[in-house]
Amino acid sequence: MLRYFLEVSYKGTNYAGFQIQKNAITIQSAVELALATCCRKKLSLTGSSRTDKGVHALQNFFHFDSPEYLWQIGHDLTKSLQEKEKLLYSLNSVLPEDIVIRDIYEVPIDWHCRFTAISRQYRYRVYQKKNPFLSDVAFYFPYKFDIEKLQQASQIISDTRDFTAFSKRNTQVNNFFCSILESNWSVDNDLLSYTVTGNRFLRGMVRGLVGTMLKVGTGRISIQQFHDIVMSKDVAQANFAVAAHGLFLVKITYPEKVAK
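Residues numbered from 1 in each chain as written. Predicted model: local features only at pLDDT ≥ 70, side-chain atom pairs only at ≥ 80, totals over all residues. Heavy atoms only, no water.

A. Inspection of the overall build of the protein at higher detail. A tally of helices and strands in the protein yields 5 helices and 9 strands. Each helix (α) and strand (β) of the protein, taken in turn from the N terminus, gives the series β-α-β-β-α-β-β-β-α-β-β-α-α-β. Counting every position in the protein, which comprises 260 residues, the buried fraction comes to 50%. Across the protein, the fraction of contacts at a sequence separation of at least 24, relative to all contacts at a separation of at least 6, is 73%. Surface summary for the protein: the accessible area is close to 13700 Å², and the carbon and sulfur share equals 49%. Put simply, the protein has 32 plus and 24 minus side-chain charges, and the middle of one group is 6 Å from the middle of the other. (Helix = DSSP H or I, 4+ residues; strand = E, 2+ residues; numbered from the N terminus. Buried < 20%, exposed > 50% of the residue type's maximum accessible area, 1.4 Å probe, protein only. Contact = heavy atoms within 4.5 Å. Areas by Shrake-Rupley, 256 points an atom, 1.4 Å probe, with all protein chains shown as cover. Lys, Arg positive; Asp, Glu negative; His and termini not counted. Charge placed at Lys NZ, Arg CZ, Asp CG, Glu CD.)

B. How the structure looks around the nonpolar core. In this structure, V31, F166 and F226 are the most contacted members of the largest nonpolar core, which totals 76 residues. In terms of residues, this core owes the most to one element, helix α4 (residues 205–217), which gives 7 residues. Look past the residues within four positions of F226 in its chain and what remains in contact with it is A153, I156, I157, F166, T212, M213, V216 and I221. In this structure, Y127, V137, F248 and V250 belong to the second largest nonpolar core, which totals 7 residues. (Core = buried A, V, L, I, M, F, W, Y, C linked by side-chain atoms within 4.5 Å.)

C. Fine view of the pairing of strand β8 (residues 191–198). Where burial is concerned, most of β8 is hidden: 8 out of the 8 residues are buried. Side chains L191, S193, T195 and T197 of β8 all project onto a buried face; the interleaved residues L192, Y194, V196 and G198 project onto the opposite face, where all are buried too. Taken together, the 8 bridges between strand β5 (residues 119–127) and β8 define a ladder with antiparallel strand orientation. Opposite R125, over in β8, you have S193 as the bridge partner. (Pairing = 2+ DSSP bridges.)

D. Here's a closer look at the packing of helix α3 (residues 147–158) against α4. Two elements in contact, α3 and α4, have axes separated by 8 Å at closest approach and are oriented at 140 degrees. Comparing the axis directions of α3 and α4 gives the class oblique. α3 and α4 meet at a crossing whose hand is right-handed. Here α3 contributes K149, L150, A153, S154 and I157 to the contact with α4, which in turn contributes L209, M213, L214, V216 and G217. Residue composition of the contact of α3 with α4, by class: 7 nonpolar, 2 polar and 1 charged. (Axes fitted to C-alpha atoms, helices over the stretch in contact; angles between N-to-C directions. Parallel < 35°, antiparallel > 145°, perpendicular 65-115°, else oblique. Left-handed = near helix turned anticlockwise from the far one by under 90°. Nonpolar A, V, L, I, M, F, W, Y, C, P; charged D, E, K, R; others polar.)

E. Quick peek at unusual backbone geometry. Located in the positive-phi region is R40, a residue other than glycine, with phi close to 60 degrees. Along the chain, R40 falls in the loop between α1 (27–39) and β2 (46–47).

F. Structural detail: the packing of aromatic side chains. In the structure shown here, the tally under the stated rule is 15 aromatic pairs. Relative to F139, the ring of Y124 lies with its centre 6.3 Å away and its plane at 70 degrees, an arrangement referred to as edge-to-face. A residue pair is termed long-range when its members are at least 10 positions apart, and Y124 in strand β5 and F139 in strand β6 (residues 139–140) qualify at 15 residues. Residue Y124 is classed as buried on the basis of its relative accessible area, which comes to 0%. Accessibility expressed as a relative area gives 16% for F139, which makes it buried. Members of the aromatic cluster, connected to one another through ring pairs, are F5, F61, Y105 and Y254. (Phe/Tyr/Trp six-rings, centres within 6.5 Å; stacked < 30°, edge-to-face > 60°.)

G. Geometry of helix α5 (residues 223–232). Within the sequence span of α5, burial applies to F226, I229 and V230. In an axial view of α5, the angular spread of the buried residues amounts to 100 degrees, which keeps them on one side of the axis. (Arc of directions from axis to C-beta.)

H. How the structure looks around the environment of D190. Tracing the sequence through the fold places D190 in the loop between β7 (180–188) and β8. Filtering out sequence-adjacent residues up to four positions away, D190 remains in contact with V126, Y127, Q128 and K129.

I. How the structure looks around the pairing of β5. Of all 9 residues in β5, 7 are buried; the element is thus mostly enclosed. Relative to β6, β5 is paired through 2 bridges, and the arrangement is parallel. Bridge pairing in β6 links V126 to F139.

Following this line, the structure appears as structure tokens:
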């Protein structure tokens, strides 16, 4: 049996999320259909990071197993690469325009696209002036904010381990501990962005962090109140009321030996 990693990017606007669902079009169902069409066999995908309805990804991964090679492997490396590129071209030809397969490569059978990952990076984008070119890829938030207060709140996140207060109910995880490697806000003209990198994330966590920090930035709650919400472990105190389409999964980092 052979195992492959598949790197994918997508605009999530037209999909019911990442993971396959009954009676709904998802990223996984679209990619599985493309694989079945081009490889002439059913290949079941396992996803690295589930994204909700409307969320986008610059980089996400699937893995799947195949009883045979997907392209010719031999001493002629050039020919082998040509066969691989031919498969990628075929897959992207049958996929919708808002999904693209960036790469596909063989990995050892014990590697797992979810559990082998070291970290994941998300970015949430906010725009403050009406802009039709950002309406489905950023959250419209036409209110004044204090960037320094947002930064102070983001540093509290950097020092936090238990994110119970920012995990939506009905989650299937056993613990709410995450290691945050990066947490900061930045402003580029009219675009406000929050970037966060961690070893793992809980269901709804990034949107909960953003929504609650925006309350700090607009003066609706103080830094101390934000700190108290973090420490409360009470999800009812967090604010998840920010649009899904402002969120991007930016990248997933694997150990160097996993890289193609």
